[in-house]
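Chains, contacts and geometry: an overview
The lines below spell out each chain.
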Amino acid sequence: MSYLIVKRSCNRFSHLDFSKFQNFLSLNQNHKVLVSGLPSVLTKTIKNPSWSYFSVSKYHKFSHLSGKDKVLASGFGVLKSLFSTQAAVELSTSDGLTIDGIVASNWTILDESESDWKSHAAAIAQSIQVIKRRLQWKKLMVRLDLLSAQLNNPDLWDDPVHAGKISREHGSLMAKMKEVKALERELLEHIDMIKLAREEDDTELESETLKALLWMRRNSNEKELEALLSGEQDSCSCYIEVQGGAGGTESMDWAKMVMQMYKSWAQHHGYGVTVVDEMPGEIAGIKRATIKVDGEYAFGYAKAEVGVHRLVRISPFDSGKRRHTSFAAVAVIPILGDGSTRVQINESDLRIERFRAGGAGGQHVNTTESAVRIVHIPSGITATCQNERSQHMNKASAMAVLQSRLDQLEMARQAQINAQHTQSLTDIGWGNQIRSYVLHPYRMVKDLRTNYEVSDPDSVLEGEIDGFILSYLSASLDKDKDCP
Amino acid sequence: MKLGLSRACLYSCSCAPIFSSSMPSLTTIKPKIPVFLRPPTYLVTSLDLQKWHGWAKNLASSVGSSLVESDNGPDSTLLCREINWLLEDSLENRSSSSRFSFSQYKYDTSGKNESVMLRISLDDLYQLWKQRIEERRPFQYIVGCEHWRDLVLSVQEGVLIPRPETELIVDLVHDVVSNYEELGQGMWADVGTGSGAIAIGIRRIFGSYARVIATDLSPVAVSVATFNVQRYGLQDVIEVRQGSWFEPLKDVEGQLVGIVSNPPYIPSDNISGLQAEVGRHEPRVALDGGASGMDYLLHLCNGAAAMLKPGGFFAFETNGEKQCEFLIDYMQNDIAGSFCNLNIVSDFAGIQRFVTGFRQ
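What you see is a predicted model; the values in this text were computed from it and never measured. (Residues numbered from 1 in each chain as written. Chains lettered and ligands numbered in written order. Predicted model: local features only at pLDDT ≥ 70, side-chain atom pairs only at ≥ 80, totals over all residues.)

On to the sheet that holds strand S7 (residues 372–376) of chain A, then. All names here are of chain A. Read from one edge to the other, the open sheet built from three strands follows the order S6-S7-S8, with strand pairing classed as antiparallel. On the outer flanks of this sheet lie strand S6 (350–354) and strand S8 (381–385), each paired with one strand and no other. Each neighbouring strand pair of the sheet contributes to a mean axis angle of 15 degrees, computed without reference to strand direction. Alignment of S6 against S7, held across five bridges, turns out to be antiparallel. Paired with arginine 351 across the bridge in S7 is valine 375. (Pairing = 2+ DSSP bridges. Helix = DSSP H or I, 4+ residues; strand = E, 2+ residues; numbered from the N terminus. Axes fitted to C-alpha atoms, helices over the stretch in contact; angles between N-to-C directions.)

What follows is the structure, encoded as structure tokens:
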């Protein structure tokens, strides 16, 4: 805040030695002292007509206001050392607007590129709320109170091991709480600033604050994502599998479009994409395909896509130009990292097949076809790979798929034992429709789980599915919260 | 940095016509450089490349399943996959992973016309793909390499393209060496090495003391195998010798701890009916095993008895069940007492493909 003001004065009086001034600033907690202690050169320039006395006093007043927040912030330090949590006090702008208030006002959230401060503020406030939900904010505050009370107990350190545990937990929760509070405070300060700028008709300050808000919107969006993707396997790479439903060429074409959507999505996110297995349709499209998506949080995002995707359009394969409905099922399998416990596979349980054993084989045949299919006999689970250029590599690739499938099966089994995890991956039956893509008679893509919708199906099919993914992820956060 | 030097010198002669099939004389044979190892010197536009891509796919689609029906050749799907691989090998890798820039091209739907660096000229791409479809020139000779196990081996006309079945020999040796550690420290031979595939494959699983001698009669094979050995930095532990079967190994008679081989085993009568890629393009000398296809396999059995140390291991690839059984019968009766623990191992297609055993 004070930095901004100083930066502004620096803009106007560029001959100032700004860095020195800044140092001076950071040493002085009290803004009043700061203003009265301005070096003479600045005092002189303040008299410059372009900087009206009125506005200086306004800024001054304002910096005093924000100083209130500062007092609150430094108050945290004091409170912390006393192990109390009056931090629960809700922060607000100078005119009493709170984070919950912002969300409750239902300001329209526009695209990032629209320079609308209310839109930015609403997006940020929403992110903050998601982050709080993920942290189970109310529970966290209660727990923090409890821990603070324990830490204030003078007998605590009689048992140093227990005390250490309490103190560590307190520290970690405190850090989380402070991070959220800092976000809230920053947002409210920006809002105060922009209101002030409007009052003052100061376009420069307004645009600077808007920029800061936009930056904060992106930043808090990232933080929100971190909060959304905190599942155990979320950070893993994954396989995405797409399979066409009944309906021949039409749905095979749809399956190919869906797969292409994921390939582009993954490419845009900078993930590595490898086709592991692809069964082309006779006329067009694919019967099924598996791609490997390599990169951090690939599974965390992609898991939101599990289910049946429905397409309504005038079929390009129907000479009668009739409207068709097609289905494609999507499955997503996490590739567990080295740290996780993985299912042990016995070599003797495997049957390894060459996909197309052509005649006599050996020296008789020269083919680049080296597809391998592995059957895990006890479970009946199979994995196929034909896109590597050697049989050895296809086998290794198919083994990796098989391993992940068995791991997933085991996780599902474990999840049934611990009912807590049941929300993760549901079976993809054809009844489990998650999203509808309508190209005709109107154009719209709508998620049936969250009601999130987009009126431009082309952009979605070109891989812009983050909106769907994020709305689903934050919706499942609420579901989580409802669970005991 | 031996490797770097020799490659640099090889680059300088890569301007020689890449389609020449004349047999050079013994001393001057220089192996051809696989496409993926050539410097990216040809600037083309992505639109021109996409034009080629479309043309190549059309040509591939026109094949349908006609070749499968005529001689078990490739179908359109497989040919389309080969187009992708040809592109993958021809495109410059801008980042460290070759896949990335290839996929950049592949997933670029922007319609922008960007420049792309190729390792072969666009004219060559057209000519090579025409050869692939019209002359049935093997894909591996087109790109100059074969992906075999986790290796990428240089191959060219005159050298047998290593088969996926043969990959299993390395696994068989690996199993034996895990059970009998001393075998992983001794001297092995890969006779009739061709591209050097088995020699390189097995050497990479041995301990530091093991040595492999790879022999081949063909000077082209010797030069290609030498190139491959150097590319994997194994020139100090794999020695490539020119000569027929065991002839170049007289100095190590009775000292070998292992012998592996994929000798020619196709009966002479079958040669004319082979798939075009094999019959018209691959060296007959690496395929034709005589009237019964057993000429060289029997020679190997006899030779192995003399060359192997007691306890030494051998693994030979065969034409299938009949040859496997014949060999087992031969070793148990005709040269009884030479070998023990004889075994037949099937390939992934379920065909009895390999005979293994130990010197008594």
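With 35 residues of chain B at the interface, the matching set in chain A holds 28 residues. Elements that contribute at least two residues to the side of chain B that touches chain A include exactly helix H4 (76–90), helix H5 (98–107), strand S3 (145–148) and helix H11 (276–279) of chain B. Split into classes, the residues belonging to the side of chain B that touches chain A amount to 17 nonpolar, seven polar and 11 charged. (Contact = placed C-beta atoms within 7 Å. Nonpolar A, V, L, I, M, F, W, Y, C, P; charged D, E, K, R; others polar.)

Ranked by internal contacts, the top residues of the largest apolar core, which has 85 residues, are Ile169(B), Ala189(B), Ile202(B), Val212(B), Ile259(B), Leu297(B) and Met307(B). Counting only domains with at least three residues in this core, you end up with domain 1 (33–140) and domain 2 (164–359) of chain B. Those residues within four positions of Ile202(B) in sequence are excluded, and the remaining contacts are Val170(B), Val173(B), Trp188(B), Val212(B) and Val260(B). The next biggest cluster of nonpolar side chains, apart from the first, holds 82 residues, and it includes Ala125(A), Ile194(A), Trp254(A) and Phe327(A). (Core = buried A, V, L, I, M, F, W, Y, C linked by C-beta atoms within 7 Å. Buried ≥ 20, exposed ≤ 12 C-beta atoms within 10 Å, placed from the backbone. Domains from an automatic or database assignment.)

Residues and elements named next belong to chain B. Look at helix H13 (residues 321–334): 19 Å from first C-alpha to last across 14 residues, which is about the 20 Å you get at 1.5 Å a residue. Taken together, the buried positions of H13 are occupied by Gln323, Cys324, Leu327 and Met331. Looking straight down H13, one finds that the buried residues subtend no more than 105 degrees of arc, so they occupy a single side. Turned more than 90 degrees from where H13 packs its buried face, Asp329, Asn333 and Asp334 sit exposed. (Expected span 1.5 Å × (residues − 1). Arc of directions from axis to C-beta.)

Bringing unusual backbone geometry into the picture now. Residues and elements named next belong to chain A. At the junction of histidine 440 and proline 441, the peptide bond is cis and its omega measures out at 10 degrees in the coordinates. Here proline 441 shows up in the loop between strand S9 (433–438) and strand S10 (444–447). Phi angles above zero are rare outside glycine, and asparagine 451 is one such case at about 65 degrees. Along the polypeptide, asparagine 451 turns up in the loop between S10 and strand S11 (453–454).

Residue and element names in this part refer to chain A. One open sheet accounts for eight strands, arranged S2-S3-S1-S5-S4-S9-S10-S11; its pairing is mixed. The open sheet has two edge strands with one neighbour each: strand S2 (272–280) and S11. In the sheet, strand S4 (residues 307–314) pairs with strand S5 (residues 323–335) via eight bridges, with the strands oriented antiparallel. Counterpart to glycine 307 in the pairing with S5 is valine 330.

All names here are of chain B. Two elements in contact, helix H12 (residues 295–307) and H13, have axes whose closest approach is 11 Å; the angle formed by their N-to-C orientations is 35 degrees. Between H12 and H13 lies a crossing whose hand is right-handed. Taking contact as the criterion, the partners of Leu297, Leu298 and Cys301 in H12 are, on H13, Gln323, Leu327, Tyr330 and Met331. Considering only residue class, the contact of H12 with H13 consists of six nonpolar, one polar and no charged. (Left-handed = near helix turned anticlockwise from the far one by under 90°.)

Each pair of packed helices can be summarised by the angle the axes make with each other and by the distance between the axes. All names here are of chain A. The interhelical angle for the contact between helix H7 (residues 117–134) and helix H9 (residues 160–200), taken along N-to-C directions, is 165 degrees, at an axis separation of 10 Å. If you check the angle between H7 and H9, you find them roughly antiparallel. In this structure, the crossing between H7 and H9 has a hand that is left-handed. The residues of H9 that touch H7, namely those facing Trp117, Ala121, Ile124, Ala125, Ile128, Ile131 and Lys132, are Val180, Leu183, Glu184, Leu187, Ile191 and Ile194. Grouping the amino acids of the contact of H7 with H9 by side-chain chemistry returns 11 nonpolar, no polar and two charged. (Parallel < 35°, antiparallel > 145°, perpendicular 65-115°, else oblique.)

Residue and element names in this part refer to chain A. If you trace the backbone, serine 436 turns up in strand S9. Distance in space between the C-alpha atoms of serine 436 and leucine 448 is 7.2 Å, their sequence separation being 12 residues. Setting aside its immediate chain neighbours within four residues, serine 436 contacts Arg310, Lys446 and Leu448.

Residue and element names in this part refer to chain B. Scored by pLDDT, chain B has a mean of 87; 87% of the residues are at 70 or more. Contacts for the low-pLDDT stretch residues 1–26, under 50 throughout, to residues beyond four places or in other chains number 16 contacts. Across residues 95–100, confidence stays below pLDDT 50; counting only partners more than four residues off in sequence or on other chains, it has four contacts. Among the prediction metrics, the complex's ipTM stands at 0.86, with pTM recorded as 0.69. (pLDDT = per-residue confidence, 0-100.)

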